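Residues per chain, in single letters:
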Amino acid sequence: MNKLFNRLLVICFLLSIFGIGIATLVSKPAEMLVFDNRYAEKLVPLTLESYKSGEFAKSAENAFSDNIYKRDDILKLYVLVNKAMPGRNEVNKIVYGDNVLLPYYSTNSFDKAALDTDIELMASDMAKLSELTKENGGQFIFTALPEKFSMYEDKFPSYVCNFSPKISYVRENLFKSLDLRGVDYIDVKSAFSERSDIDELYFATDHHYTFKGALAAYQLVMERINEYEDKPLKVLNESDIDFTDLPNHFLGSQGRKVYDTYVSDDVLTIGYPKEKITFDRFNNGNKVPSDVFTKPQPASYANYECYMGGDIAETLIDTHREELPSVLVFGDSYTNAMETLLYYGFDKMYSLDFRHYDKMSVADYIKDKKPDYVLLVRDDTIYTSRENNGNFFGID
Amino acid sequence: MVFSSMLFLFIFLPTLLAIYFIVPKKFRWLRNAVLLIYSLIFYASNEPINIFIMLASIMINYALGLALEHTRKRKLIFWLAVVVNLGVLIYFKYTGFIVSNISAVTGLDITIKKIIMPVGISFFTFQAMSYVFDIYYGTSKAQKNPFNVILYISLFPQLVAGPIVRYQTIADEIGSRNENEKDFTDGIVLFIVGLAKKLLIANTVGFIADTAFAEPDINFAFAWLGIISYTLQIYFDFSAYSDMAIGLGRIFGFHFLENFNYPYISKSITEFWRRWHISLSVWFRDYLYIPLGGNRCSKWKHLRNIMIVWMATGIWHGASWNFLVWGLYYGIILIIEKQFLMKYLEKMPDVLRHIYTMFIVLIGFVFFRADNLTMALEYLKAMFTFKPIVLGSSNELQLLLNNAVILVAAIVGSTPVAKLAGRLFANSRLKAPLRFVYCMGIFALSVMFLTGSTFNPFIYFRF
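Residues numbered from 1 in each chain as written. Chains lettered and ligands numbered in written order. Predicted model: local features only at pLDDT ≥ 70, side-chain atom pairs only at ≥ 80, totals over all residues. Heavy atoms only, no water.

*Asks:* Would you explain the overall build of chain B in this entry?
*Replies:* The secondary structure content of chain B amounts to 20 helices and zero strands. With the C-alpha coordinates aligned to their principal axes, the bounding extent of chain B is approximately 70 × 65 × 50 Å. Entry remark: accessible area of chain B is about 19,400 Å², with carbon and sulfur atoms responsible for 69%. Averaged over its 40 positive side-chain charges, chain B has a centre that lies 9 Å from the centre of its 24 negative ones. (Helix = DSSP H or I, 4+ residues; strand = E, 2+ residues; numbered from the N terminus. Areas by Shrake-Rupley, 256 points an atom, 1.4 Å probe, with all protein chains shown as cover. Lys, Arg positive; Asp, Glu negative; His and termini not counted. Charge placed at Lys NZ, Arg CZ, Asp CG, Glu CD.)

Here it is in structure tokens:
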């Protein structure tokens, strides 16, 4: 009996290592790893250079790991097994909050002196950009958005770092500094906090706001812009929009990290104004279909990239209504959902994402296009970052 | 490539097993050739250029070994081996440290080109020295076949992170060994256990330790949780590697000596060092402590010998003052134990002796884990300074709750509880079925955790 089981152990072990190895090698290599949200690693050709640099060995390891047989199933099981352990409230750097997934922060400590310097530099940069916008006939407005976790501080377990000390410190001091310099900004967090429907403004499984959240932020922006307009621009309300919940299963950025094992009510909503307008859309200078939503194929997941088709370096929406002002929006992905509504009130809407756009700085773009409004849209994890969309006078 | 990587587990190991065991036993040279080629591929995957440094070091020691048998100037050859091997080690591992200290002391701005340390240099240099020393002391004969010396030193299971296999331990097995079913099965079991220790426990508790040591404003509870986690991490990480190395060796018919023997159940530091990294302790005992005179000399020379060995042990672990202090710390404690503490310890209840030992070990590991001495002292200060704990200001409770199952498993697993439980079934028909379920269960979990991780270097790769 003992000998039988010992042999069975050897056979099972050998079958596992040979079987998984062979199955992986004969399987078709993956192009895209959906849950990882990245392309699968490819094997670098073996050359003297790739051998010497270690690139070949590294790529062999990574390409094999990325294509391991039944990878998605194993990873899903990995999350479920981890989550099933008593006391587990975090898996893959995702915290299981009160009916919501949240990011994991390893500490609440931060370097105040370094942060003070960052705040002053950013406030100073924004003041310069605001001045430059005025010189070119426009108005600069910083739309200070809260990231999901920032609105949901109380949804973290009480003993888990929620990053709020740093976020609060930045908010308070940056706004003070902007006030001193006369830079216009919208404190979206304060406005959102007064609402009774906060739970509907953000996805449970994605770090972005929902379409409803984007609508709320858009309305705040338009109300502020109308303070500068003699004749108020049209602001879309819920009653002006035809909402549609997409039937596709929603896969959020945080749900993806736990391999879609978290059950939520998240659906992706889109909405077109009931009163249609015609417009032309250009992505990176190329004319594309006149739509602000990229709907997923029936069998695909729905995700935040549906709004404006995801992060694009340069977008222009031209509604051919020269009597209306123009607007330049720049920022990270939070701009996308807002832009699906914003274009409606303007002659031209320029949208830039400096994580991808590298032709000129935003300062030069303002000098070139002379938009009537310049909106910087950023979430509070990166208010003071001077890279990409925070680098106003250069290109990273 | 490391043992706990997909490529090793599902390509390297199966192809090696297939090719190796297809070759009939009588063609020992061919089996050795297969092992040698795979060992060099294994090392080259980590060190594509520095592999030539390792090969050069081996060939020099091979030549020195032969010279020892063909010359009367044996002492000269012996010292030449010491100088060459330590020279290589000092150049690659300690040049930066030495230069930075000279710069700090003299105020001179000395800059040197960054020297890339070959992976596992401390291990293969010590094995190479062991080869020459064993010939010098007459416990082994020099190998005529250079490929056998290359195989001994570069044998992939123990090449990059030990255990440090002394030449005399496997000298005979290189030329004549008996791969058999029992060793093969035991080897697989050891490998699986090692893999699970690394992937399921060491990596998890390591995350707690990393978070604690990165926390800028750490409270005393978090500091203790952090160092306890690190103490568990280093044991499970290093002993895991040793288990896998010994297991892989066993599969191919080699019998490496145990490297860890439940060190955390020790009741004195003297006992701890008989159970921790045994191959290194034995190496220093046989090739440094005893040649210096060991304890068969005057009291002061004996104390001197202990301090020399422990300074060497400390600095062997890394080119930093931390490691030197860590070595001296143990040297001093061992002297204190030997001179007077042991007689009091022996009268104390076991539980108090155990608490004393673990306290000393935990404090020692602060120096081992911290990036520098200042950080170590800051961390120790945090461990002994009571500050009110504000929930949510740092993640100590989160880390404790989140990893409670693994922490309990780690604490239990660092004791021989499982071994003792296994003995209950020693003569039972259930022994093999239970072992089968246990091994396949932890192997499946390990593959799952391996898939869940992408970055997984072994701690001991830096030594």
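*Asks:* What should I look at first to understand the interface of chain B and chain A in this one?
*Replies:* A common measure of how large an interface is: the accessible area buried when the components associate. At the junction of the two partners, chain B supplies 58 residues and chain A supplies 51 residues. Summing both sides of the interface, chain B and chain A together bury roughly 4,700 Å²; the carbon and sulfur share of this comes to 70%. There are one salt bridge connecting chain B and chain A. Close ionic contact of Glu-181 of chain B with Arg-7 of chain A constitutes a salt bridge, the shortest N to O distance being 2.8 Å. Counting the contacts that link chain B with chain A gives 17 residue pairs in polar contact (both at pLDDT 80 or more). Where the side of chain B that touches chain A is concerned, the elements lending two or more residues are helix 1 (6–22), helix 2 (28–46), helix 9 (181–214), helix 17 (396–402), helix 18 (404–413) and helix 20 (431–452) of chain B. (Contact = heavy atoms within 4.5 Å. Buried area = accessible area lost by both parts, 1.4 Å probe. Salt bridge = Lys/Arg side-chain N within 4 Å of Asp/Glu carboxyl O. Polar contact = N/O pair within 3.5 Å; in protein donor to acceptor, adjacent residues only side chain to side chain.)

*Asks:* What's the story with the packing of aromatic side chains in this structure? I'm lost.
*Replies:* Pairs of aromatic rings are described using the distance from one ring centre to the other and the angle between the two planes. All names here are of chain B. Evaluation of the coordinates by the stated rule reveals 101 aromatic pairs over all chains. Ring plane angle 70° and centroid distance 5.3 Å describe the contact between Tyr-136 and Tyr-137, whose orientation is recorded as edge-to-face. Ring centres 5.3 Å apart and planes at 80° place the aromatic pair Trp-273 and Tyr-330 in the edge-to-face group. Here the residue Trp-273 occupies a position in helix 11 (residues 269–275), and Tyr-330 occupies one in helix 14 (residues 321–345), the gap between them amounting to 57 residues. Comparing Trp-273 with Tyr-330, the two get one shared label, buried. (Phe/Tyr/Trp six-rings, centres within 6.5 Å; stacked < 30°, edge-to-face > 60°. Buried < 20%, exposed > 50% of the residue type's maximum accessible area, 1.4 Å probe, protein only.)

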